[in-house]
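# A structural walkthrough
Here are the chains, one letter per residue:
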Amino acid sequence: MVLRKKKQVSNVQITSFIELDDGVLAMGVNSCLEFVKEGQNIEQIMGENQQPQKKFLRFDEESHLLLIKDFGSSQKLDTIHVEDIKEVRYAGESFLLVAQNPSILTDLLVSVKFRTEDCFLWKTFSFEAFTPEDAQKWVHSLRKLKRAEVISLTPTRKKEILIQRFPYYLHMLSSESRPLNAKDLKLFLCDILNYKVGTEELNSIMRTEGLEDDAEVSLKNLMNIYDRLTFDPELIRQHFGPESANPLFPTPTDQIGVEELQEFMDRDGELSAVTPDNIVKLFGRDGKLTSSQFLDYLYSDVNEILSTRNDVRDLMDSPLSHYWIASSHNTYLPGNQVASKSSVEAYIQVLLSGCKCVELDVFGLNKKIMIFHGTIGVPLFSTMIYAEDVLKAIAMYAFKVSPYPLILSIENHLKPELQEEFAKLLKRILGDKLLTSPVEDGGRLPSPNMLLNKILIKDKKSTKDSFDMMPDQSVLKRDKVYFESSTKANDWSERVAILTPDSLYYSHQDTTDSLRERSNAISANRPIQENKLSDLHLAEPWYWGDSEREEAERTVTNYVKKMRREQGPDVQLAGDFAIRLKTGCKGEYVLQFLDGNSGQQKIKIHSRYERGLPRYYIEDPPRAPSFDCLYSLVKHYQRNAFSVKKVKMILKRPIEEPRKFEKEIWFHPAATLVDSERRLRKHPVNGAFLVREEPANNFRLMFRAEGAFKRCKIRQDGRLWVIGNSKFEGLSQLINYYQKFPIYTTKNNQQIKLTRPVEMSELDPHEAESEALQDRNYVGGDELRDRPEEMYEAEEDYNGRNEDELTFLRGAIIQNVTEDTEKVGWCIGDYGPRKRKRFPKYLVRLYEDEEWYNNPLGNMCDGVIPLRTSTHKKLAVCDNRFIPHYLTIRGDGGEEWRLGFLSYEQMDEWSTAITKARKHKVPTEKHKTKRAADYSALVIYAQSRPAPSDFTKDEMARYTYKEMCSFDENKFESFLKKPHGGNMIKFSNSSFLRVYPWKMRMSSSNFEPMTPWMYGCQLVALNYQTPDTPMQVNWGRFAHTNGGCGYVRKPADMLDCKFNPRQLDTCPDSVALFITIMGGRMLFTEAGSQPRVRVTLEDLDSAPQDFPPAEVSLTPRWDWEGPKSVISLLCLNPSIAILRFEVRDVNAFDDERLVGHCTFPVAQLRPGYRCVRLYDGFGHERLMSRLLVHVEKESLKAHDPEREMMMLRRDILQLNDYLHDAKHVTEEELERLQGLEKGYFGMVFDRLRAEMNGDGTCPRSNSESLTLQKQRSDETEEVHRRTLSRGKTYVRMSIKRPSLPKRPMSIR
């Protein structure tokens, strides 16, 4: 081996991509493929201060996997999916990795960045190649494969890849390569296809392939099984077969050619970019398509619902203010504001997603320019990163997606001297990319084409007397400490504490488990972590686990008695069996079975290790086989006899373990839902719980969480108890575990454990059942409020005397306070986990808004300790073995707080910091920070100015086109309530408007972006790291439009100021959409959960419409003929609206979970039978997950009677919903509703007369007229029925969004 010299790292300052050698760049696809297929020995970089590990790396063409094996061994295997590779970096392009590991030879370094499911930050696989030339070959080959191969994969090839990867999946689990068998087929169905099968169904699937139970399963068998399970013959029969109007496949064996396919595509609507000839070549055989192949085409990317938009199509010569611009908020954070660490990689990922405005919060710390989250001097929660590293990443990635300008939104907390250094840093790193002087703009903002490859700075511009007013509040210390409970001695909980010059703020109880609970955790009660191959027996009913010998013998004896009692004394029980762990011997098992005389026999199951893995056997290996798991052993001896101790036997029926949990006080076998709620209501505390039995051997755990009743399904899988994705060997173990560890986290970040078992008790027969139903709530707890309604601060301690009263210390922040209507002089509020409890009003004072905004913990704050009027002392020893040290803070009123620490040094640091805080002089005025001249000169076209009080003509005249108004979402909402708020559209035609999330969104959640876009706001800054609905709408706006370049031109009517969101008559021609969900494939829902499709039209207003849940299947099917088979949507402004498909399921707690979504502009929708590709929350495609939908689109003119009737019907339904929720209904409101309904009925009957009279307005055949007449009559009857059903009560609509009538069958 050639020795390599360690060379001096000289390219850490790199700010652009390294060009590869010409010889390497000349390698074609075939040469690249041959190189990576052959593979090479490499050294994997493991991390900072860790030794590299030798590996063998190669590319497998069949499965499209990068295979990473241990050097010189075939045991351990890791894989990377090629389509998951997001970027391949060479040498100093990974400058952060080089800086952390100075020993790396940069010219040998290759870094592969790849995504993982439902994760924002990409993972990294870095290695050193053998020579610099090899490193360049790896970089070039992987980049070439990513571009040329993955993008051009056909749907059939994707299916083959899914199958080909399975053997490597098994290899990763078992560390060995071997033929596939029936046990592996079950894993393929469960783990790869998410299709749960029992033993009988598995045997049936094997028989359809002509396979015996112990036969070898080939990849061709897997392909046939996949095709059979994903084919839906009922869909073909009803929509394309003999029951359809234009049958393509009159019989199941029929095939179609190019001509029939062309006719179908002509009828279907917009033509595909792929011709029928190519479709038949891609999916068919011998120029024909079978029904299965035709269905594969419908579910393929070739037939997707989106129009193809791979290039920039909008005109890019308009001013910047004429475009919506993809914008990021808190770009440096990869997660929430509480626990995430600032990351340079977050900037890279956001830029590669097409974002064109990123945020930098710059601070000066020890004369260094840093970026972190914290508005008051030091990081509140996140870590710090160097501004220099961020600028290097920006310089490299700013224009990798598109050459259009990038805006750096600077939140500047630097002093003037550091601003000068920052200006130098910007010029040095960004170089020619930084815009340093205006362009010829003609008195308006320049266009994107005029600023190609330029970076703009957005900040305040320094003028003669302009200063940045900043509060002089600083954080002296921030850490996690332990606070002792005020009501229970030695009960400590971990909190986040922030020390400022005059106060110590502390959060609610930390989300981590307490020290005592972590120390007392019993490992036996933890969820089972299955090794999917060797532990398949855990779910089988014949496995008893760690059962004592005497108890097992007793169970078998009772089983014999039960069987003879139920089936007679002559019942044959020979061969009935169970397997348990041998008492006191971990890893050893005992087979317990009944002989011919129903006597008990016990034999040991032996084990030995081969190549580091266990093998199990009953008879000696020379005479009988050994097995890799107990599951395989039992399957073998259920077909073949074994002979041990002169006994020859075949295993037959499993003897199931008895239900030991039936004696537990929390088990209520006969309780109904109403009974359970009644019992829980008597225990109004978080964590009160019980378990009741339901039909079909299911169980339901019910517990209280923030005033709501949560229901959690527990299902029995063999002998395992499954809750969500966790499995336990017994129901008692499950309950014991969640009594020690949180089972549920509310939307207010309160963690709930099972704390109080509810005993079975007799119910009062006179209590009304309706009372139990009144406050039933399965929504998932209270909604998270960013700003509590009313907040009060405690001025004195209070110790509640009753369970319905709060207990708090002075300085506690009590939220959502309301007057107590039952007790005079008392209030009701929330304090920490205790919700809606009483307290005396005289003990508190109103907590002002200014204090709330300056509180560094926001709504996470549990209390404030005033330091000016308190004293403290430290104690070196504590009588609690978990908290060895603590200090006491005593207020002037005698109140006391104890802060615990794990080390004396930490306690001493806090004591010193508190002493320093008392001596700190709090300034009475705000100080001024001036912008440095050199830095201010870089701010040219995005000069920040405070927003006007209202967008009047005089106010708007004070702004120039170079200035920008930037404000948070609350300020934006306040503008909408003002008389001239609608003028934002006019203002945004010449100047920038930027809206960002309110700072107290501690979870980094986002606000809804559609409304700001409609009012012309170009920069709607969102948290890209949070995969919530607003971010997915943002992704739908920019990812599929204008080539994903980050700029989307506003509609012409908005630029002409003709459109006003407040006036519906200003909307252009509208569109009616009629959508049917035909089916789905590979929807990875939780086990046993029905997939639910939700369609939302984000328009002038928006609310989701849900299809009824489909059955659990690999190919779920929705109701095609029922009343909700078609949803109708009125899109008032198609040039702005966004359509969103969501697939959701329900988890174990009845909370909805996103399975996948597809969001895109309505303008790009293609009508007909279309495939909807599903993506995760971050916009990554879910492989093979698809919906098949049918869409019809009809244009409606501005004054079309049909459109007016739809809008009138929408107003009726919305008003009906409002009156249903209103506490007091006025006569005027009822009269208005009756007037709307009268007008609507008149329009409906006018349309019916026109149809029946045949007056030429809309000629139809007799059958079509009768169809429409029936539909109109049904529609009128529905609205009329709702009208008549109203009296003192109102019927809630089944849908929230205004809906159109169902599409007439005669309209084409």
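Because the structure is predicted, anything quoted here is derived from the model rather than measured.

## Structural notes on the packing of helix 11 (residues 258-268) against helix 13 (residues 291-298)
It is at 14 Å that the axes of helix 11 and helix 13 come closest, and there the two elements cross at 40 degrees. By the angle class used here, helix 11 and helix 13 are oblique. In this structure, helix 11 crosses over helix 13, and the sense of that crossing is right-handed. For the pair helix 11 and helix 13, the contacting residues are L261, F264 and M265 in the first and F294, Y297 and L298 in the second. Its residues assigned to classes, the contact of helix 11 with helix 13 comprises six nonpolar, no polar and no charged.

## Digging into the environment of F188
Mapped onto the fold, F188 is located in helix 7 (residues 182-192). Each C-alpha atom, one on F188 and one on L222, is 8.4 Å from the other, the two residues being 34 residues apart in sequence. Not counting chain neighbours up to four residues away, the residues in contact with F188 comprise I163, F166, L193 and L222.

## Side note on the sheet that holds strand 38 (residues 826-831)
In any sheet, the strands associate via hydrogen bonds between backbone groups, in a parallel or an antiparallel arrangement. Sheet architecture is open: five strands sit in the order 39-38-37-36-40, paired in antiparallel fashion. Each edge of the open sheet is held by one strand with a lone partner, namely strand 39 (834-840) and strand 40 (844-846). Adjacent strand axes in the sheet meet at a mean angle of 45 degrees, parallel and antiparallel pairs treated alike. The pairing of strand 37 (residues 813-819) with strand 38 spans three bridges and is classified as antiparallel.

## Brief notes about the nonpolar core
Counting residues in hydrophobic clusters, the biggest one holds 83 residues, and the most contacted among them are L360, I394, L408, F422 and L426. Looking at this core element by element, the count peaks at eight residues for helix 15 (residues 387-397). Not counting chain neighbours up to four residues away, the residues in contact with I394 comprise Y347, L351, V358, L360, L406, L408, L430 and I455. With 33 residues, the next largest nonpolar core counts A497, L499, A794 and I914 among its residues.

## Re helix 15
Extensive coverage of helix 15 is indicated by the burial of 10 of its 11 residues. If you check which residues of helix 15 are buried, you get A387, D389, V390, L391, K392, A393, I394, A395, M396 and Y397.

## So, the packing of helix 14 (residues 344-352) against helix 15
Orientation of helix 14 relative to helix 15, taken along the N-to-C sense of each, is 20 degrees, at an axis distance of 9 Å. In terms of orientation, helix 14 and helix 15 fall into the roughly parallel class. Considering only the axes of helix 14 and helix 15, their crossing is right-handed. Residues V344, Y347, I348, L351 and L352 of helix 14 touch helix 15, and the partners they reach there are D389, V390, A393, I394 and Y397.

## Details of the sheet that holds strand 50 (residues 1047-1049)
As summarised here, the arrangement of the 11 strands in space is 13-12-11-14-15-46-47-48-49-10-50, forming an open sheet in which the pairing is mixed. Two strands close off the open sheet at either side, each with one partner strand: strand 13 (385-386) and strand 50. Packing against the sheet, helix 27 (residues 969-976) makes contact with strand 47 (963-968) and strand 48 (992-996), and its axis sits at approximately 100 degrees to strand 47.

## What to know about the side chain of T230
Mapped onto the fold, T230 is located in helix 9 (residues 219-230). Engagement of the side chain of T230 in a polar contact is seen with the backbone oxygen of D227, the distance being 3.5 Å. Residues within four places of T230 in sequence aside, it is in contact with R1081 and T1115.

## Some points on the pairing of strand 58 (residues 1181-1196)
With 11 bridges connecting them, strand 51 (residues 1070-1081) and strand 58 associate as antiparallel partners. Bridge pairing links L1073 to K1193 in strand 58. Here strand 57 (residues 1168-1175) runs beside strand 58; their pairing, made up of seven bridges, is antiparallel. Of the residues in strand 58, the one forming a bridge with R1170 is V1189. In textbook terms, the turn of a hairpin is the stretch between consecutive antiparallel strands, and for strand 57 and strand 58 this stretch comprises five residues, one of which, G1179, has a positive phi near 85 degrees.

Rules of the game
Residues numbered from 1 in each chain as written. Predicted model: local features only at pLDDT ≥ 70, side-chain atom pairs only at ≥ 80, totals over all residues. Heavy atoms only, no water. Axes fitted to C-alpha atoms, helices over the stretch in contact; angles between N-to-C directions. Helix = DSSP H or I, 4+ residues; strand = E, 2+ residues; numbered from the N terminus. Parallel < 35°, antiparallel > 145°, perpendicular 65-115°, else oblique. Left-handed = near helix turned anticlockwise from the far one by under 90°. Contact = heavy atoms within 4.5 Å. Nonpolar A, V, L, I, M, F, W, Y, C, P; charged D, E, K, R; others polar. Pairing = 2+ DSSP bridges. Core = buried A, V, L, I, M, F, W, Y, C linked by side-chain atoms within 4.5 Å. Buried < 20%, exposed > 50% of the residue type's maximum accessible area, 1.4 Å probe, protein only. Polar contact = N/O pair within 3.5 Å; in protein donor to acceptor, adjacent residues only side chain to side chain.

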